[in-house]
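What follows is each chain in one-letter form.
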Amino acid sequence: MPAIEIHNLTKVFTGKKRASLVALQELDLSIEKGEVFGFLGPNGAGKSTTINILTGQLRATSGAARIFGISVASPSARTNIGYLPENPAFYHFMTAREYLRFVGRTFRMSPQEIDRETERVLTLLDLTAAADRPIKGFSKGMTQRLGLAQALVHGPDLYILDEPMSGLDPIGRALAKDIIVSLKKEGKTVFFSTHITADVEAVCDRVGIIVKGQLRALDEVENIMRGTESYLLEIRSPHGDLERKIVGKEQLSTIILQAIRQESTIERIEPKRKSLEKFFLETVNNSDATSGPAL
Ligand SMILES: Nc1ncnc2c1ncn2[C@@H]1O[C@H](COP(=O)(O)OP(=O)(O)OP(=O)(O)O)[C@@H](O)[C@H]1O
Ligand SMILES: [Mg+2]
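What you are looking at is a predicted structure, and each value in this text was computed from that prediction instead of being measured.

Attention now moves to the overall build of the chain. When helices and strands are tallied, the chain shows 9 helices and 13 strands. When its C-alpha atoms are laid out on the principal axes, the chain stretches across 75 × 50 × 40 Å. Contacts spanning at least 24 positions in sequence make up 69% of the contacts within the chain whose residues lie at least 6 apart.

What follows is the structure, given as structure tokens:
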């Protein structure tokens, strides 16, 4: 049984005075247990809409979604999810420690588990020093760290994170990536949205690219990046000048032969892997501009 199943999911936002907007169009997606999945898409593509349906905050116009086999319409589907919202917000009068303990109680953890796990996630997210300060004084990055901490505290099997690296400094971003990698090692499933391709390259098994409410690409990250796209060449002329250039596959043999004929020395041939960023930009640009919602 997959961790997440999405079948033919469509979401149309309708307003009394506005034209209706198709935010998701017949989305099909299945995420296996133990997988780290990156949900990539430009602003307004439908990432948060999908996540809001998966977490029961929005109702789909048509189609179905299940978490570990349970329909998202059922509150029980949410008991095994750690969820980080796009813009996490908390009770301002609470401290971080109080809030995490409150989350633990909400998920019916035992008092011992609450003690242990609250301290564990505070340490993990480097929030111990701020743990007893009211949340209203938290910076954006600290709020994001608390958002991650509350998603982790009850130890669910599935993590749905809406832009987990958003607002974090480089140390926080590296930490968030490490957390995702260690969740995978524990056999947990992670589904996260982002528009940062480097983060997907670093931690994801598979990536889905959504553009204007439609899934435009779905593949293993390794597959996308496997191909060699170009080569970095360093050629030293007989006079000692070093020329460095990037050449496409098709030009490589011609340039090497030419260099040999000119009695130049080839000092370096370095294959350049395809980048996910380029693939992402191509996918977005190739998408039919006339279909899907206006932003
Ligand atoms: N409650 C709403 N009412 C009307 N339209 C909405 C609502 N929520 C989202 N939309 C629209 O649905 C589309 C998808 O929005 P969504 O928030 O899912 O995008 P996203 O991929 O998460 O973008 P971002 O990267 O900016 O977070 C957008 O056109 C947005 O304006
Ligand atoms: Mg969003």
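Two numbers describe how helix α2 (residues 96-106) lies on helix α4 (residues 140-152): the axes approach to 9 Å, and their chain directions differ by 25°. Taken together, the axes of α2 and α4 lie roughly parallel to each other. The two elements α2 and α4 meet at a crossing, and its hand is right-handed. The residues of α4 that touch α2, namely those facing Ala96, Tyr99, Leu100 and Val103, are Leu146, Ala149 and Gln150. Looking at the contact of α2 with α4 residue by residue, the classes come out as 6 nonpolar, 1 polar and no charged.

Further remarks concern the site of ligand 1. Around ligand 1 sit 15 residues in total, of which Ala23, Asn43, Lys47, Ser48 and Thr49 are the nearest. Every element with two or more residues in the shell around ligand 1 is listed here: β2 (21-31) and α1 (47-54). A breakdown of the residues in the shell around ligand 1 according to their chemical character gives 6 nonpolar, 7 polar and 2 charged.

Backbone geometry places Phe68, a non-glycine residue, at a positive phi of 45°. Phi angles above zero are rare outside glycine, and Glu163 is one such case at about 60°. Tracing the backbone through its elements, the reader meets Glu163 in the loop between β7 (158-162) and α5 (170-185).

Okay, the environment of Leu158 next. In this fold, Leu158 is placed in strand β7. The class for Leu158 is buried, based on 22 C-beta atoms found within 10 Å. In this view, Leu158 contacts Ala3, Ile67, Asn80, Ile81 and Thr189; residues no more than four positions away in its chain are not counted.

What follows is about the environment of Ser230. In this fold, Ser230 is placed in strand β11 (residues 228-236). Separated by 39 residues in the primary sequence, Ser230 and Phe191 place their C-alpha atoms 32 Å from one another. Ignoring sequence-local partners within four residues, the contact set of Ser230 consists of Ile246, Val247, Gly248 and Lys272.

Within the largest apolar cluster, 67 residues are counted, with the highest numbers of intra-cluster contacts made by Leu54, Leu127, Leu148, Ala149, Ile160, Val190 and Phe191. Residue contributions to this core peak at 6 residues, all from α4. Not counting the four nearest positions on each side in its chain, Ala149 is found in contact with Leu100, Val121, Leu122, Leu125 and Leu127.

Remark: α2 packs on helix α3 (residues 111-124), axes separated minimally by 9 Å, with the N-to-C direction vectors making an angle of 130°. In terms of axis orientation, α2 runs oblique to α3. Judged by the sense of rotation from one axis to the other, the crossing of α2 with α3 is right-handed. Contacts between α2 and α3 involve Ala96, Arg97, Leu100, Arg101, Gly104 and Arg105 on the former and, on the latter, Glu113, Ile114, Glu117, Thr118, Val121 and Leu122. Residues of the contact of α2 with α3, tallied by class, amount to 5 nonpolar, 2 polar and 5 charged.

With that settled, consider the sheet that holds strand β9 (residues 206-211). Taken together, the 6 strands give an open sheet; going across it, the order is β6-β7-β8-β3-β9-β10, and neighbouring strands pair in mixed fashion. Whereas interior strands pair on both sides, the edge strands pair on one side only; in this sheet they are β6 (81-84) and β10 (214-220). With strand direction ignored, the average angle separating the axes of adjacent strands in the sheet is 15°. In terms of strand pairing, strand β3 (residues 36-40) meets β9 through 4 bridges, oriented parallel. Counterpart to Phe37 in the pairing with β9 is Arg206. Along the sheet, α1 makes contact with β3, β7, β8 (189-194) and β9, crossing β7 at roughly 145°.

Time to look at α2. Owing to its 3.6 residues per turn, the α-helix aligns residues three or four sequence positions apart on the same side. Turning to α2, its buried residues are Ala96, Leu100, Val103 and Gly104. End-on, the buried residues of α2 take up no more than an arc of 100°, which puts them together on one face. The exposed residues of α2 that point more than 90 degrees off its buried face are Arg105 and Thr106. As for α2, its buried residues are in contact with α3 and α4. Directly beyond the C-terminal end of α2, a positive phi value near 55° is found at Arg108.

Let us now look at the domain arrangement of the chain. Under the domain assignment used here, the chain contains domain 1 (4-224) and domain 2 (229-273). The gap between the C-alpha centroids of domain 1 and domain 2 is 46 Å.

Parameters at a glance
- Residues numbered from 1 in each chain as written.
- Chains lettered and ligands numbered in written order.
- Predicted model: local features only at pLDDT ≥ 70, side-chain atom pairs only at ≥ 80, totals over all residues.
- Helix = DSSP H or I, 4+ residues; strand = E, 2+ residues; numbered from the N terminus.
- Contact = placed C-beta atoms within 7 Å.
- Axes fitted to C-alpha atoms, helices over the stretch in contact; angles between N-to-C directions.
- Parallel < 35°, antiparallel > 145°, perpendicular 65-115°, else oblique.
- Left-handed = near helix turned anticlockwise from the far one by under 90°.
- Nonpolar A, V, L, I, M, F, W, Y, C, P; charged D, E, K, R; others polar.
- Near = placed C-beta within 6 Å.
- Buried ≥ 20, exposed ≤ 12 C-beta atoms within 10 Å, placed from the backbone.
- Core = buried A, V, L, I, M, F, W, Y, C linked by C-beta atoms within 7 Å.
- Pairing = 2+ DSSP bridges.
- Arc of directions from axis to C-beta.
- Domains from an automatic or database assignment.

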